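Structural description and commentary
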Amino acid sequence: MRCFKMILFLVVLSLTNLSFSNAASIVLESTFDNDAEGWGIRGDGTDFTYHASGGNPYPGGFIAAKDQGTGETWYFIAPDTWAGDWTSSIGGILSYDLKLIFGDTNNYYSDVDVIIETENTGNYAQWSSGIDPRLGTWTHYEVRISESNFEIVGNRTWNEILSNVTNLLIRGEHILGPDTEGIDNIRVVDSLGLAEVIGTWSEGIWYWDFVASAWTRMTSSAHDGDIASGDFSDDGKADVASKRNNGLWYQDGDTLAWTKIDSVPPDSVTAGDVTGDG
């Protein structure tokens, strides 16, 4: 029923009663502009090195390592500061840039690109991109942190793994034979700006979650005036401002509590960072 009404709003009615939330934020990040930031390697990699220049974009830093050629795939491994509860990042994006510095591009091979471990006991989620890094230039990788994109290995569920992440590993070897590879700009971005659609109907305000493919009612109260969305409370979640007959209100996207901003209803409503304070 919600989908039918959504189509009516988009095609027939004006967009004054629709809003789009966008509360993306960087949760974890390593750009290696000053040092290796605690990253290391696991497997048969060697000569782990921090480079103060040559990163993406130039001249920022990056880290790199070489293959020892023992037949084992080596990985970059995140520091302990990346461990913890990742459940709030489900639906977000893990991204990074890789560069093949040295290696025979006729000898690419397939393997797992990302491993998210829990408890160090053989329980993890893994993802394979099927993309080979280019020689001499940076290749961007990204994956949405959702169960449908990862394969579960072991006896833990997706939520159990993400609630207690102990290690993040990113593949650093893509060539059979000697190779050297570098990595830069490793990030976990919460939702990556994936907007939810917020609309008003006679039975209240609803939002459409594209990750979950589901409608959720934010309030059962009818709102006939304009609405606007933004992270007014600075908690990383979109809040909703609404024009009513008795004034201007906003709803906290986390607590769902309503607060009256002004008792005089405005002519129209919009939202934006006018003061430039974030």
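Conventions and cut-offs
- Residues numbered from 1 in each chain as written.
- Predicted model: local features only at pLDDT ≥ 70, side-chain atom pairs only at ≥ 80, totals over all residues.
- Heavy atoms only, no water.
- Helix = DSSP H or I, 4+ residues; strand = E, 2+ residues; numbered from the N terminus.
- Contact = heavy atoms within 4.5 Å.
- Areas by Shrake-Rupley, 256 points an atom, 1.4 Å probe, with all protein chains shown as cover.
- Pairing = 2+ DSSP bridges.
- Axes fitted to C-alpha atoms, helices over the stretch in contact; angles between N-to-C directions.
- Core = buried A, V, L, I, M, F, W, Y, C linked by side-chain atoms within 4.5 Å.
- Buried < 20%, exposed > 50% of the residue type's maximum accessible area, 1.4 Å probe, protein only.
- Polar contact = N/O pair within 3.5 Å; in protein donor to acceptor, adjacent residues only side chain to side chain.
- pLDDT = per-residue confidence, 0-100.
- Salt bridge = Lys/Arg side-chain N within 4 Å of Asp/Glu carboxyl O.

What about the overall build of the protein chain?
Secondary structure summary: the protein chain contains two helices and 20 strands in total. Nonlocal contacts in the protein chain, meaning residues at least 24 apart in sequence, comprise 63% of its contacts between residues at least 6 apart. Summed over its atoms, the accessible surface of the protein chain is roughly 13,700 Å², and 49% of this surface lies on carbon and sulfur atoms.

Description of the environment of A257
Along the chain, the position of A257 falls in the loop between β19 (247-251) and β20 (258-262). With sequence-adjacent residues up to four places away left out, A257 is seen in contact with Y250, Q251 and D252.

Focus on the sheet that holds β19
As summarised here, the arrangement of the four strands in space is β17-β18-β19-β20, forming an open sheet in which the pairing is antiparallel. On the outer flanks of this sheet lie β17 (227-230) and β20, each paired with one strand and no other. Geometrically, the sheet is characterised by an average inter-axis angle of 25° between neighbouring strands, direction not taken into account. Strand direction decides the pairing type here: strand β18 (residues 239-244) and β19, joined by five bridges, are antiparallel. Looking at the pairing, K243 lines up with L248 of β19.

Focus: the sheet that holds strand β3 (residues 40-42)
Across the sheet, which stays open at both edges, the six strands sit in the order β3-β6-β12-β8-β9-β11 with antiparallel pairing between neighbours. Each having just a single partner strand, β3 and β11 (151-153) make up the two edges of the open sheet. In this sheet, adjacent strand axes meet at a mean angle of 30° when their direction is disregarded. For strand β8 (residues 114-118) and strand β9 (residues 123-127), the ladder comprises five bridges, and the chain directions are antiparallel. By the bridge assignment, T118 is partnered in β9 with N123.

Regarding the nonpolar core
Counting residues in hydrophobic clusters, the biggest one holds 31 residues, and the most contacted among them are W39, W82, W86, Y96 and L168. Of all the secondary-structure elements, those providing two or more residues to this core are β5 (62-67), β7 (93-102), β8, β9, β10 (138-144), α2 (158-163), β12 (165-171) and β13 (180-190). Setting aside its immediate chain neighbours within four residues, W86 contacts L28, I116, L162, V165, L168 and V188.

A closer look at the side chain of T31
Along the chain, the position of T31 falls in the loop between β2 (25-30) and β3. Separated by 3.1 Å, the side chains of T31 and D33 make a polar contact. The contacts of T31, once residues within four sequence positions are left out, are E37, G61, D184, N185 and R187.

Observations concerning unusual backbone geometry
Omega for the bond connecting N56 with P57 falls within 30 degrees of zero, at 5°, which places this linkage in the cis form. Among the secondary structure elements, P57 is positioned in the loop between β4 (45-51) and β5. A cis amide bond links Y58 to the next residue, P59, at an omega of 10°. Of note, P59 is situated in the loop between β4 and β5. The phi dihedral of F32 falls on the positive side, at around 60°, and the residue is not glycine. Secondary-structure assignment places F32 in the loop between β2 and β3. The buried category is assigned to F32, whose relative accessible area is 0%. Backbone geometry places N185, a non-glycine residue, at a positive phi of 55°. Tracing the chain through its elements places N185 in strand β13.

Describing the confidence of the model for the protein chain
Here the protein chain averages 84 in pLDDT, and 84% of its residues register 70 or above. Mean pLDDT across the secondary structure elements of the protein chain bottoms out at helix α1 (residues 2-11), with 32, and peaks at strand β6 (residues 75-77), with 98. Here residues 1-16 scores under 50 on pLDDT; set against residues more than four positions off or in separate chains, the count is 24 contacts. Low pLDDT (under 50) marks residues 19-23, which in the prediction has 21 contacts with non-local residues, meaning those over four places away or in another chain.

As for the pattern of salt bridges
The final tally for this structure, using the stated rule, is five salt bridges. Ionic pairing is found between E29 and R187, a salt bridge with its closest N-O pair at 2.5 Å. Taken together, the positions of E29 in strand β2 and R187 in strand β13 put the pair 158 residues apart, joining distant regions of the chain. A relative accessible area of 35% means that E29 is categorised as partly exposed. A residue is classified by how much of its surface remains accessible, and R187, at 24% relative accessible area, is partly exposed. In this structure, E117 and R42 form a salt bridge, with 2.9 Å as the shortest nitrogen-oxygen distance. Note that E117 is positioned in strand β8 and R42 in strand β3, a separation of 75 residues in sequence. By relative accessible area, E117 is classed as buried at 12%.

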